[in-house]
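Reading the structure
Listed below are the residues making up each chain.
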Amino acid sequence: MNKNGMILRTPLIVRFCHICIVILFLLTALSGLSLFFPSIKAFGLVLGTPQLVRELHPFLGCIIFILLMFMLIKLAHHNIPNKDDVRWMKHIDKVIAGKEPEDIPIGKYNAGQKFLFWCIMSLISVLLVTGFVMWRRYFSDYFSIEIIRIAIFFHSVAAIGLILLIIGHAYMAIWVKGSIKGMITGYVSRAWARKNHSKWYHDEMKAVYEAEQKAPADDNQNAEQKTV
Ligand code: HEM
C-alpha cells in the first residue's frame with residue numbers, strides 16, 4: 001500500500017484487537033441468541049452443538065470483555081467528552097444530512113463515536129457481571145433464584161442493546177467512506193482526516209512539524225513517523 005500523505009489512525013495492536021472482537025462478537029451474539037431462542041437452531045450452529053454453545057458462550061464473552069478493556073485503556077483519552085461535542089450534538093440533523101458545519105473542531109472521535117464507545121464499555125460490563133451470576137457451571141449456585149432472574153433480565157436487555165448499537169456502529173463505518181479502510185490498513189488520507197476529524201488532523205500535523213523541527217535533518221527519517 002502506498003502510504004504517501006497518509007496518517008496513522010489506528011495502530012496495529014488496536015486493529016488486531018478490533019478484528020478479534022468483531023469475530024468473537026459475531027460468535028457470542030449469535031450463540032447467545034440461540035440460548036434465548038432455542039427454536040432458531042441455525043444461530044447455535046456457529047459454535048457447533050447446543051452443548052458447545054452453553055460451554056463456550058461465557059468464555060467468549062469474557063475474552064471480548066478483556067479485549068474491550070484493552071481498547072478502553074488505549075482509547076479512553078480520545079473519548080473524553082468536551083464542549084465541542086455539545087456543538088456537534090446540536091447540529092446532529094445537519095450531520096445526518098451530510099452537511100456537517102466545517103467550523104466545529106472534531107478530535108480523533110466525534111461525539112457520536114464517543115457516546116457509542118462509553119455505551120459499549122458500560123454494556124459489556126453489565127454483561128460480564130450478570131453473566132457471572134448466571135454462569136451455571138461455576139457461579140450461579142452462590143446466588144438466589146431471584147438474583148439470577150434479575151441477572152437474566154439485565155443480561156438480555158444489555159445484549160440486545162449492544163447488538164443494536166453494533167449494527168449502528170457498522171452502518172456508520174460503511175456510511176463514512178474511508179473509515180473501514182482506515183481500520184483495516186491503519187492509515188487514512190490527510191483529506192479524510194481534515195474533513196472528518198479536523199482538530200485531530202491539525203494536532204497530528206503539528207506533532208509531525210514539531211518533530212521535524214527538533215530532529216536534525218538526518219535523523220528525521222529515523223524518527224517514528226506518524227505520516228509517511
Ligand atoms: C462488522 C462490524 C464492525 C465494523 C465494520 C467496525 C468498524 C469500525 C471502524 C471503521 C472503526 C474506526 C472508526 C474511526 O477510525 O473513526 C471502529 C472503531 C471501534 N470499534 Fe468497531 N466495527 C465493528 C464491530 C465492532 C464491535 C463488535 C465492537 C465491540 C463490541 C467494536 C468496537 C469498536 C470500538 C470500541 C472502536 C473505537 C471507537 C472509539 O474509540 O470511539 N466494533 N470500528
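Per an unreviewed UniProt entry, the chain is named Formate dehydrogenase-N subunit gamma, and its organism is Orbus sasakiae. Quoted verbatim from the Subcellular location (unreviewed entry) heading of the UniProt record, the comment on the chain is "Cell membrane". In the Sequence similarities (unreviewed entry) part of its UniProt record, the chain is described as follows: "Belongs to the formate dehydrogenase gamma subunit family."

1. A closer look at the nonpolar core
Membership of the largest hydrophobic core comes to 27 residues, with the highest contact counts inside it found for I21, I64, L68, M71, I124 and L162. For this core, the secondary structure elements donating two or more residues are α1 (12-36), α3 (50-75), α6 (111-134) and α7 (145-175). For this core, the element with the most residues is α3, which contributes eight residues. Residues in contact with L162, not counting those within four places in the same chain, are F25, I120, L123, I124 and L127. Listed in part, the seven residues of the second largest apolar core include I7, V188, A193 and M205.

2. Notes on the environment of N4
Secondary-structure assignment places N4 in the segment before β1 (6-8). As for N4 and N110, which are separated by 106 residues in sequence, their C-alpha atoms are 25 Å apart.

3. Here's the deal with the coordination of the iron atom of the ligand
In this structure, H18 (NE2) and H169 (NE2) serve as the protein donors to the iron atom of the ligand, at separations of 2.0 Å. Metal-centred angles of 85 to 180° between the six donor atoms at the iron atom of the ligand mark the site as octahedral. Here H18 is found in helix α1, whereas its partner H169 is found in helix α7, with 151 residues between them in sequence. Using a relative accessible area of 32% as the deciding quantity, one classes H169 as partly exposed.

4. A closer look at a nonpolar patch on the surface
A surface patch of nonpolar side chains, amounting to about 600 Å² of accessible area, comprises F59, Y138, F139, Y142, F143 and I147. Within the secondary structure, F143 sits in the loop between α6 and α7.

5. Let's talk about helix α4 (residues 83-90)
Within α4, burial applies to D84, D85 and W88. Across the axial projection of α4, the buried residues extend over an arc of 100°, all falling on one side. In α4, those exposed residues whose orientation departs by more than 90 degrees from the buried face are K83 and K90. The inward-facing, buried residues of α4 contact α5 (92-96) and α6. For α4, the N-terminal cap is N82; the gap from its side-chain oxygen to the backbone nitrogen of D84 is 3.0 Å.

What counts as what
Residues numbered from 1 in each chain as written. Predicted model: local features only at pLDDT ≥ 70, side-chain atom pairs only at ≥ 80, totals over all residues. Heavy atoms only, no water. UniProt positions renumbered as here; feature names shortened; annotations may be inferred. Core = buried A, V, L, I, M, F, W, Y, C linked by side-chain atoms within 4.5 Å. Buried < 20%, exposed > 50% of the residue type's maximum accessible area, 1.4 Å probe, protein only. Helix = DSSP H or I, 4+ residues; strand = E, 2+ residues; numbered from the N terminus. Contact = heavy atoms within 4.5 Å. Donors = N, O, S within 2.8 Å, 3.2 Å for Na, K, Ca; no water. Tetrahedral: all angles 85-135°; square planar, octahedral: opposite > 155°, others 65-115°. Patch = residues over 30% accessible without salt bridge, like charges linked within 9 Å, V, L, I, M, F, W, Y side chains within 5 Å. Areas by Shrake-Rupley, 256 points an atom, 1.4 Å probe, with all protein chains shown as cover. Salt bridge = Lys/Arg side-chain N within 4 Å of Asp/Glu carboxyl O. Arc of directions from axis to C-beta. Polar contact = N/O pair within 3.5 Å; in protein donor to acceptor, adjacent residues only side chain to side chain.

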